[in-house]
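These are the residues of each chain, in order.
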Amino acid sequence: MQRFSAVYLGVFLLYLVTHFIRHPQPTYQQWHAWISHPVMNIASATFIIAVLVHGWVGMRDVVLDYVHSLRLRLLVLALIALVFIACGLWALQVLLVAAR
Amino acid sequence: MANQHAAPVFLNLLRIRFPVGAVTSIAHRISGVLMFLGLPLLIYLLDLSLQGPAGFERAVEYLQCTSLRVASTVIAWSLFHHLFSGIRFLLIDTGSGVNLQQARRSAWLVNIVGVAMALIYLWWVL
């Protein structure tokens with residue numbers, strides 16, 4: 001899962017970088033049209049999901065390595081999960097509104 | 001007093017050997033955590049930039065103020081270092097570049113390219 005999501009994230013990021021090299025300073029109209037294009041919109045939503053999966057696994061590994069008290073571990077993991085869920089919903093909502 | 005010497009206490013940070021691959025590896029973790037911390041900021045900027053032309057202008061202005069320029073450069077470094085060291089780990093896992101000399105060389109390459117890309121980003125955002 002971690003590698004699978006990593007490959008998608010990597011490919012999407014390379015696309016983002018090449019896009020920004022080709023179109024360095026977009027106007028609002030260009031920016032909005034790009035994000036709201038169906039293919040880009042769905043690819044971005046998939047990117048958000050991949051970030052959530054990849055980030056959760058990574059952060060969980062880091063917490064398990066450095067936080068040893070069971071209670072604190074649960075607390076920190078719960079906080080991280082909350083941040084990921086909130087960020088994920090927020091980002092997906094932004095993409096959805098842009099696509100309307 | 002037999003186990004007085006059981007645990008070696010030698011924590012002089014200047015004398016602990018820290019090979020380049022370890023730097024790449026720990027920086028992979030640090031950059032991952034930094035991106036997690038930067039996630040709300042990035043989504044906020046995306047949100048703002050898509051709220052009409054005025055919001056877009058404000059997002060661009062935010063990116064050009066000093067504190068956000070620093071923060072976004074740190075995130076850019078994290079992104080590129082994490083990406084390149086991640087590719088390096090995947091390649092090593094599949095069995096390429098596993099001998100020590102190659103692994104050291106690729107670790108140096110990843111560390112340097114990560115910083116270089118962050119500098120290019122900084123130049124781009126100016």
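Residues numbered from 1 in each chain as written. Chains lettered and ligands numbered in written order. Predicted model: local features only at pLDDT ≥ 70, side-chain atom pairs only at ≥ 80, totals over all residues. Heavy atoms only, no water.

Engineer: Is there a simple way to think about the overall build of chain B in this case?
Structural biologist: Check the secondary structure of chain B and you find four helices and zero strands. Going from the N terminus to the C terminus, chain B shows its helices and strands as α-α-α-α. Taking all 126 residues of chain B together, 33% fall into the buried category. Here the contacts in chain B between residues at least 6 apart in sequence split such that 70% fall between residues at least 24 apart. On chain B, roughly 8,100 Å² of surface is accessible, and the fraction owed to carbon and sulfur atoms is 71%. (Helix = DSSP H or I, 4+ residues; strand = E, 2+ residues; numbered from the N terminus. Buried < 20%, exposed > 50% of the residue type's maximum accessible area, 1.4 Å probe, protein only. Contact = heavy atoms within 4.5 Å. Areas by Shrake-Rupley, 256 points an atom, 1.4 Å probe, with all protein chains shown as cover.)

Engineer: Would you explain the interface of chain B and chain A in this entry?
Structural biologist: Facing the 23 residues of chain B at the interface are 29 residues of chain A. Buried area between chain B and chain A, summed over both chains or domains, comes out near 2,300 Å², and the portion from carbon and sulfur atoms is 79%. Contact with chain A buries surface across chain B, with Arg29(B), Phe36(B) and Leu50(B) losing the most and accounting together for 27% of the total. The interface formed by chain B and chain A holds two salt bridges in total. Put simply, Arg29(B) and Asp65(A) hold a salt bridge, and the shortest N to O gap is 2.7 Å. Counting across the chain B and chain A interface gives seven residue pairs in polar contact (both at pLDDT 80 or more). Per element, the largest residue contribution to the side of chain B that touches chain A is 11 residues, and it comes from helix 1 (residues 20-49) of chain B. (Buried area = accessible area lost by both parts, 1.4 Å probe. Salt bridge = Lys/Arg side-chain N within 4 Å of Asp/Glu carboxyl O. Polar contact = N/O pair within 3.5 Å; in protein donor to acceptor, adjacent residues only side chain to side chain.)

Engineer: Just to check I follow, could you spell out the pattern of salt bridges for this structure?
Structural biologist: Pairs can form between side chains of opposite charge whenever their charged atoms are close. In the structure shown here, the tally under the stated rule is three salt bridges over all chains. One salt bridge in this structure joins Arg3(A) and Asp93(B), with 2.8 Å as the shortest N-O distance. Here the residue Arg3(A) occupies a position in helix 1 (residues 2-22), and Asp93(B) occupies one in helix 3 (residues 66-93), the pair thus bridging two chains. With a relative accessible area of 47%, Asp93(B) lands in the partly exposed category. Of the charged contacts in the structure, one is a salt bridge between Asp61(A) and Arg60(A), with a shortest N-O distance of 3.7 Å. Residue Asp61(A) is classed as partly exposed on the basis of its relative accessible area of 34%.

Engineer: Teacher, can you tell me more about the environment of Asp65(A) here?
Structural biologist: Along the chain, Asp65(A) falls in helix 3 (residues 38-66). Asp65(A) sits 61 residues away from Phe4(A) along the chain, and the two C-alpha atoms are 23 Å apart. Of note is the side chain of Asp65(A), whose polar atom sits 2.7 Å from the side chain of Arg29(B).

Engineer: What's the story with the environment of Leu41(B) in this structure? I'm lost.
Structural biologist: Relative to the elements of secondary structure, Leu41(B) occurs in helix 1. Along the chain, Leu41(B) and Leu119(B) lie 78 residues apart, while their C-alpha atoms are 20 Å from each other.

Engineer: Mind showing me how you'd approach the packing of aromatic side chains here?
Structural biologist: For any pair of aromatic rings, the description consists of the separation of the ring centres together with the inter-plane angle of the planes. Applying the stated criterion across every chain yields a total of 14 aromatic pairs over all chains. With centroids separated by 6.2 Å and ring planes inclined at 45°, the aromatic side chains of Tyr15(A) and Trp34(A) adopt a geometry described as tilted. In this pair, Tyr15(A) is assigned in helix 1 and Trp34(A) in helix 2 (residues 28-36), connecting sequence segments 19 residues apart. With relative accessibility at 11%, the residue Trp34(A) sits in the buried group. When the centroid spacing of 4.9 Å and the interplanar angle of 55° are considered together, the rings of Phe84(A) and Phe36(B) count as tilted. Here Phe36(B) lies in helix 1 and Phe84(A) lies in helix 4 (residues 70-99), a pairing that spans two chains. (Phe/Tyr/Trp six-rings, centres within 6.5 Å; stacked < 30°, edge-to-face > 60°.)

Engineer: What am I meant to see in the confidence of the model for chain B here?
Structural biologist: A low pLDDT score tells you not to read the predicted coordinates there in detail. Of all residues in chain B, 87% have pLDDT values of 70 or greater, and the mean over the chain is 89. When pLDDT is averaged over each helix and strand of chain B, the minimum, 92, is found for helix 4 (residues 100-125) of chain B and the maximum, 96, for helix 1 of chain B. (pLDDT = per-residue confidence, 0-100.)

Engineer: I keep staring at the packing of helix 3 of chain B against helix 4 of chain B and nothing clicks. Help me out?
Structural biologist: A packed helix pair is summarised by two numbers, namely the angle formed by the two axes and the spacing between the axes. All names here are of chain B. Contact pair helix 3 / helix 4: the axes reach a minimum separation of 8 Å and the direction vectors enclose 150°. Comparing their axes, helix 4 and helix 3 come out roughly antiparallel. The handedness of the crossing between helix 3 and helix 4 is right-handed. The residue makeup of the contact of helix 3 with helix 4, split by class, is 14 nonpolar, seven polar and two charged. (Axes fitted to C-alpha atoms, helices over the stretch in contact; angles between N-to-C directions. Parallel < 35°, antiparallel > 145°, perpendicular 65-115°, else oblique. Left-handed = near helix turned anticlockwise from the far one by under 90°. Nonpolar A, V, L, I, M, F, W, Y, C, P; charged D, E, K, R; others polar.)

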